[in-house]
Amino acid sequence: MPRLEGFSDNINVAVFGASGGVGSALVDNLAHAVNINTVYAVSRTSLNGGKGIVPINCSDYSEERLASIAAELPDLDVVICAMGILHDNNLAPEKSRSQISMPNMQRVFEVNTFLPALIAKHMLPKLTKDRKSVFAALSARVGSISDNRLGGWYSYRASKAALNMMLKTLAIEHGRRAKNSVVIGLHPGTVDTNLSKPFQTNVAKEKLFAPDFSAARLLDVVEKVEPSDTGKIFAWDGQEILP
Ligand SMILES: NC(=O)c1ccc[n+]([C@@H]2O[C@H](COP(=O)([O-])OP(=O)(O)OC[C@H]3O[C@@H](n4cnc5c(N)ncnc54)[C@H](OP(=O)(O)O)[C@@H]3O)[C@@H](O)[C@H]2O)c1
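Because the structure is predicted, anything quoted here is derived from the model rather than measured.

Reading the values: the criteria
- Residues numbered from 1 in each chain as written.
- Predicted model: local features only at pLDDT ≥ 70, side-chain atom pairs only at ≥ 80, totals over all residues.
- Heavy atoms only, no water.
- Near = heavy atom within 4 Å.
- Polar contact = N/O pair within 3.5 Å; in protein donor to acceptor, adjacent residues only side chain to side chain.
- Helix = DSSP H or I, 4+ residues; strand = E, 2+ residues; numbered from the N terminus.
- Nonpolar A, V, L, I, M, F, W, Y, C, P; charged D, E, K, R; others polar.
- Salt bridge = Lys/Arg side-chain N within 4 Å of Asp/Glu carboxyl O.
- Buried < 20%, exposed > 50% of the residue type's maximum accessible area, 1.4 Å probe, protein only.
- Pairing = 2+ DSSP bridges.
- Axes fitted to C-alpha atoms, helices over the stretch in contact; angles between N-to-C directions.
- Contact = heavy atoms within 4.5 Å.
- Expected span 1.5 Å × (residues − 1).
- Left-handed = near helix turned anticlockwise from the far one by under 90°.
- Core = buried A, V, L, I, M, F, W, Y, C linked by side-chain atoms within 4.5 Å.

1. What to know about the site of the ligand
Part 1: With respect to spatial proximity, 28 residues lie near the ligand, and among them Ser43, Met83, Tyr156, Val191 and Thr193 are the closest.
Part 2: A distance of 3.1 Å separates an oxygen atom of the ligand from a polar backbone atom of glycine 84.
Part 3: Breaking the shell around the ligand down by element, the ones donating at least two residues are helix 1 (21-31), helix 3 (102-123), helix 4 (154-177) and strand 7 (190-191).
Part 4: For the shell around the ligand, the per-class residue count stands at 13 nonpolar, 13 polar and two charged.

Dropping the structure here:
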């Protein structure tokens, strides 16, 4: 991307979950924008830096660690949380209510809902107040209650619906202090990443996005949103997703 439109020169941005499919594509796109000074790429994984990219290791998302990251960082114009979990070696999304379990729900909510909320607690105060700022967290269309026609994926759906409520509530409080702020959720589409790999069989080829395409569309949304959009959830194409 030549420039992150709608923002001034020499801005700093931070991406959390920066090693992920969408997260790393966001970092790469942002690092190419001429008006971005530094992209802070926060990850549990040790990442290599690059031109305009400063990696920050966050192996443990404790409040102490988040507070120390906040103390290290300069003022920011954009923060994006790109972490999320749907499955791993010990976890699969529930097909039926019989598969609901406390440890699995706790794990999914921890990554999808609680971490972005804690990151917001520590990072919203770092956002500039005198001009437009954006705090965005990757959500998912399946977190929309009104859009739920298929059922299943109890924990993932509920964790994203709860994330959306966190974002709305954060937007209200932050907006009182920072009139130019925008706090939003973003749905990246179905993207070809580790998260979606086991579930791609029935996805039409043209509906399975490359991470770079999705990241570029999400940054289009970040460019276009205004303070009046705060608290909303947007898909990759700029359409609002209703709760
Ligand atoms: N891919 C899709 O089709 C799709 C569709 C709708 C919504 N989304 C959402 O988009 C976001 C990005 O997903 P993706 O497709 O890029 O997934 P991904 O490639 O699996 O990346 C997810 C990243 O989340 C972080 N993460 C995972 N487990 C974690 C844990 N236990 N603690 C802290 N961080 C953890 C990791 O980042 P680090 O290792 O860098 O810390 C990981 O690389 C997620 O919120 C996902 O729900 C994706």
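2. Side note on the pattern of salt bridges
Part 1: By the definition in use, this model includes ten salt bridges.
Part 2: Among the salt bridges present, the one from aspartate 9 reaches arginine 3, with a minimum N-O distance of 3.0 Å.
Part 3: Among the ionic pairs, glutamate 63 bridges to lysine 121, the shortest N-O distance being 2.9 Å. Note that glutamate 63 is positioned in helix 2 (residues 63-72) and lysine 121 in helix 3, a separation of 58 residues in sequence.
Part 4: The partly exposed category is assigned to lysine 121, whose relative accessible area is 49%.

3. What to know about the sheet that holds strand 1 (residues 11-16)
Part 1: An order of 3-2-1-4-5-6-9 is seen for the seven strands of this open sheet, with the pairing classed as parallel. Both edges of this open sheet fall to strand 3 (53-57) and strand 9 (233-235), since each of them pairs with a single strand only. With strand direction ignored, the average angle separating the axes of adjacent strands in the sheet is 20°.
Part 2: Where strand 6 (residues 181-187) lies against strand 9, three bridges are found, and the strand directions are parallel. Each bridged residue has a counterpart across the sheet, and for leucine 186 the counterpart in strand 9 is phenylalanine 234.
Part 3: Each of strand 1, strand 2 (36-43) and strand 3 is contacted by helix 2, which is oriented at about 155° to strand 3, the strand it contacts most.
Part 4: Sheet strands in contact with helix 3 are strand 1, strand 4 (78-81) and strand 5 (133-138), and its direction is about 165° off that of strand 5.

4. Details of the environment of asparagine 90
Part 1: Mapping asparagine 90 onto the fold places it in the loop between strand 4 and helix 3.
Part 2: Each C-alpha atom of the pair asparagine 90 and asparagine 12 lies 37 Å from the other, and the pair is 78 residues apart in sequence.

5. Comments concerning the side chain of glutamine 200
Part 1: Relative to the helices and strands, glutamine 200 resides in the loop between strand 7 and strand 8 (208-209).
Part 2: A relative accessible area of 15% means that glutamine 200 is categorised as buried.
Part 3: A distance of 2.9 Å separates polar atoms of two side chains, one belonging to glutamine 200 and the other to serine 196.
Part 4: In this structure glutamine 200 touches Val191, Asp192, Thr193 and Leu208, once residues within four positions along its chain are discounted.

6. Brief notes about the pairing of strand 5
Part 1: Across the six residues of strand 5, six count as buried, placing the element largely inside the fold.
Part 2: Burial along strand 5 is two-sided: Ser133, Phe135 and Ala137 facing one way and Val134, Ala136 and Leu138 facing the other are all buried.
Part 3: Here four bridges tie strand 4 to strand 5, and the two strands are oriented parallel to one another. Following the sheet pairing, isoleucine 80 is matched in strand 5 by alanine 136.

7. Section: helix 4
Part 1: Given a rise of 1.5 Å per residue, 24 residues ought to cover 34 Å, and the 35 Å separating the end C-alpha atoms of helix 4 matches this to within 8%.
Part 2: Every buried residue of helix 4 is listed here: Ser155, Tyr156, Arg157, Ser159, Lys160, Leu163, Asn164, Leu167, Leu170, Ala171 and His174.
Part 3: Where the residues of helix 4 are buried, they touch helix 3, strand 5, strand 6 and strand 9.

8. Quick word on the packing of helix 1 against helix 5 (residues 211-224)
Part 1: At their nearest, the axes of helix 1 and helix 5 sit 8 Å apart, and the two run at 65° to each other. Crossing geometry of helix 1 relative to helix 5 is assigned as right-handed. Packed against helix 1, whose contacting residues are Gly21, Val22, Ala25, Leu26, Asn29 and Leu30, the element helix 5 presents Pro211, Asp212, Ala215, Ala216, Leu218 and Leu219 at the interface.
Part 2: Considered class by class, the residues forming the contact of helix 1 with helix 5 number nine nonpolar, two polar and one charged.

9. Here we look at the nonpolar core
Part 1: With 35 residues, the main nonpolar core has Phe16, Tyr61, Leu76, Val79, Ile119, Met123 and Phe135 as its most contacted residues.
Part 2: Among the elements of the structure, strand 1, strand 2, helix 2, strand 4, helix 3, strand 5, helix 4 and strand 9 are those that each provide at least two residues to this core.
Part 3: With six residues, the top contributor of residues to this core is helix 3.
Part 4: Each residue touching phenylalanine 135, except ones within four places of it in the same chain, is listed here: Val79, Cys81, Pro116, Ile119, Ala120, Leu124, Leu127, Leu167, Val182, Val183 and Ile184.
Part 5: Core analysis: the next-biggest nonpolar cluster, separate from the first, contains 33 residues, Val13, Ala18, Ile36 and Val221 among them.

Spatial relationships are all this shows, so hold off on functional conclusions.
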